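Topology and contacts: notes
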Amino acid sequence: MDVTYRIEQKRKLNGPFPGPKSQALAERRTKAVAAGVASTLPVYAADVDGGIIVDVDGNQLIDLGSGIAVTTVGASNQAVAKAVAEQAQRFTHTCFMVAPYENYVELAEKLVAITPGDFEKKAVLFNSGAEAVENAIKVARIATGRQAVVAFDHAYHGRTNLTMGLTAKAAPYKRGFGPLAPEIYRMPMSYPFREENPNISGKEAAERAILAMEKQIGGDQIAAIIIEPIQGEGGFIVPAEGFLPRVAEWAKENGIVFISDEVQAGFARSGAWFASDIEGIEPDLVTVAKGIAGGMPLSGVVGRAELLDSVHGGGLGGTYGGNPVAVAAALESIKFMEEQDLAGRAREIEAQFFERFTALQKDVSALGDVRGRGAMIALEFVKAGGIEPDAALTKKIADECLAQGVLILTCGTYGNVVRLLPPLVIGDELLGEAFDVLEAAIRKHA
Ligand SMILES: Cc1ncc(COP(=O)(O)O)c(C=O)c1O
């Protein structure tokens, strides 16, 4: 990896944390910003580069969150910033549905080329992950003439009405926000660490879900099965080998559209372009967002041309979908990922992570599971000796890291998973330092 940094890649805490400027901003925020939007950090960002977030008081934190898996190429990647500025100087918006432009077409061509599936594909662009998921379901319903949609335990697909219904966890995502969309069915996931029968294979876990779909819905009633190939918010759950291929095969046998939600796992994060590539599956539709555009809001649905083309003209779109500035950022981000082999970098991070934390697991019985792929990696904490989730311990560890200047995020249905999503441009030294801080926090509290 050949990356130059603007900001010195060093962790630095200057005095009180949060500092006075962040505290003053927190006060202003309380008066002006809706309470429903929460933040992990108590400090306010001023500058971000590589693996470092500088706050308004000059503290430098190591970033192991990438704005929730978004800034894969860095939050101020200079090639991306240049492309954004150049496009903004020419035009910021025309609306592709009004006056189309070339870079939308170019990005569609690129997405068709890099997503899994050796068949004729097309793409359509939107703004957020949730919007991509909603549109993938629209496409599946119109293409099949069916209504039922299957999602899985621990799934996260967004916060809009339909995607909130697809998401598994009630609090904070769904509670009190009903009524939820109808015709959504939830099926058992393959969650190797939490299986009652620890020897259940991926194929057997798939048969369990298939039986439930046959009995509770009927294969001929299902428009779409949507699944994250590595579940994100639900706990960075990697299904057992063979689970996804069998579910995908059954979907095909029953004329069901198989949607791989790669909003979080896509774009080199998993150590491949897409996590579906690692599983050897060819989804009918793939939803993409987050890492696609170096932090600019952009998403898309890519997949079988005949499915996407089953929608009548004007049936898909939106004012901002495929905004030319965001698209310029995406083209540059994808080029950077290719040139710098960021998927390879994600695999290096994976190797360093597993070496360090599987060794630690031998000493710490509360560290129940070490899992993930590429730079989408996690630690699941339990009450020592069993599998009872320990959310309190997880929070203590995350808070300790934060106090030491390392930003880590937590996730999981039971709130007991520390997840690491470093920007792929982070250097080895800084990453190793962040791992040191995390390991020390685990040893201190577990
Ligand atoms: C797998 C998955 N799908 C969909 C979404 C929703 O994306 P957005 O927050 O951009 O709407 C997310 C966000 O975390 C996600 O991880």
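Remember, predicted model here, so these are calculated numbers, not experimental data.

Calculation notes
Counting of residues starts from 1 at the beginning of each chain's written sequence and follows it residue by residue. Reporting of local features is limited, given that this is a predicted model, to residues whose pLDDT is at least 70; pairs of side-chain atoms are given and counted only at 80 or more, and all residues count toward the totals for whole chains, interfaces and linings. To obtain the side-chain values, all non-hydrogen atoms of the structure were included, while hydrogens and water were left out. Secondary structure is summarised from DSSP: a helix means a run of H or I of at least four residues, a strand means a run of E of at least two, and numbering begins at the N terminus for each. Restricting the calculation to C-alpha atoms gives the radius of gyration, and the globule rule supplies 2.2 Å times the number of residues raised to the power 0.38. A 1.4 Å probe rolled over the protein chains alone gives each residue an accessible area, and that area as a share of the maximum for its type sets the label: buried under 20%, exposed over 50%, partly exposed in between. Residues count as neighbours in contact if any of their non-hydrogen atoms are within 4.5 Å of one another. The accessible surface values rely on the Shrake-Rupley method and a 1.4 Å probe; as for residues, cover is taken only from the protein chains in view. We place a 1 Å grid over just the protein atoms. Points where a 1.4 Å probe fits but has no way out form a cavity, open points with protein on both sides within 12 Å along at least 5 of 7 lines form a pocket, and any residue with an atom within 4 Å of a point lines it. Grid points are joined across faces, edges and corners, and a volume is the space filled by probe spheres set on the points. Under the convention adopted here, Pro, Cys and the residues Ala, Val, Leu, Ile, Met, Phe, Trp and Tyr are nonpolar, Asp, Glu, Lys and Arg are charged, and Gly plus all remaining residues are polar. For helices, the axis comes from a line fit to the C-alpha atoms of the stretch in contact; other axes are also lines fit to C-alpha atoms, and the angle between any two N-to-C directions lies between 0 and 180 degrees. Less than a right angle of anticlockwise turn of the near helix away from the far helix marks a crossing as left-handed, whereas a clockwise turn marks it as right-handed. Paired strands, in this sense, are two strands between which DSSP finds at least two bridges. We call a residue near a molecule or strand whenever a single non-hydrogen atom of that residue lies within 4 Å of it. Counted as a polar contact is a pair of N or O atoms within 3.5 Å, where, for protein atoms, one must be capable of donating a hydrogen and the other of accepting one, and residues adjacent in sequence contribute only when both atoms are in side chains.

**Quick look at the overall build of the protein**
A count of helices and strands for the protein gives 14 helices and 15 strands. Against the compact-globule benchmark of 22 Å for 446 residues, the protein has a radius of gyration of 21 Å, which places it among compact chains. When the 446 residues of the protein are sorted by exposure, 56% land in the buried category. If you take every contact in the protein between residues at least 6 apart in sequence, the share linking residues at least 24 apart comes to 74%. For the protein, the accessible surface area stands at approximately 18400 Å², while carbon and sulfur atoms represent 51% of it.

**Topic: the layout of surface pockets**
Reported here for the second largest pocket is a volume of approximately 390 Å³. For the lining of the second largest pocket, the leading source of residues is strand β4 (residues 121-126), giving four residues. A class-by-class count of the residues in the lining of the second largest pocket yields nine nonpolar, seven polar and two charged.

**Observations regarding the packing of helix α7 (residues 202-216) against helix α8 (residues 243-253)**
Running from amino to carboxyl end, α7 crosses α8 at an angle of 35°, the nearest separation of the two axes being 7 Å. Viewed along their axes, α7 and α8 form a crossing whose handedness is right-handed. Two secondary-structure elements touch here, α7 through Gly202, Lys203, Ala205, Ala206, Glu207, Ile210, Met213 and Glu214 and α8 through Phe243, Arg246, Val247 and Trp250. Classifying every residue of the contact of α7 with α8 by side-chain character gives seven nonpolar, one polar and four charged.

**Re the sheet that holds strand β5 (residues 148-152)**
Picture the strands of a sheet paired through backbone hydrogen bonds; they go either parallel or antiparallel. Strands sit in the order β4-β10-β9-β8-β7-β5-β6 across an open sheet of seven strands; the sheet is mixed. In the strand order of this sheet, the two ends are held by β4 and β6 (184-187), each with one partner. Here the average twist between neighbouring strands, direction ignored, is 20°. Inspection of the sheet shows β4 paired to strand β10 (residues 299-304) by six bridges, in the antiparallel sense.

**Comments concerning the site of the ligand**
Surveying the vicinity of the ligand reveals the residues Ser128, Gly129, Ala130, Tyr156, His157, Gly158, Glu228, Glu233, Asp261, Val263, Gln264 and Lys290. In this structure, an oxygen atom belonging to the ligand sits 2.8 Å away from a side-chain N or O atom of glutamine 264. Contact between the ligand and lysine 290: an oxygen atom at 3.1 Å from a side-chain N or O atom of the residue. Burial of the ligand by the surrounding chains reaches 83%, relative to a free accessible area of 390 Å². In terms of residue class, the shell around the ligand is built from three nonpolar, five polar and four charged.

Function cannot be inferred from these measures alone, as they are strictly geometric.
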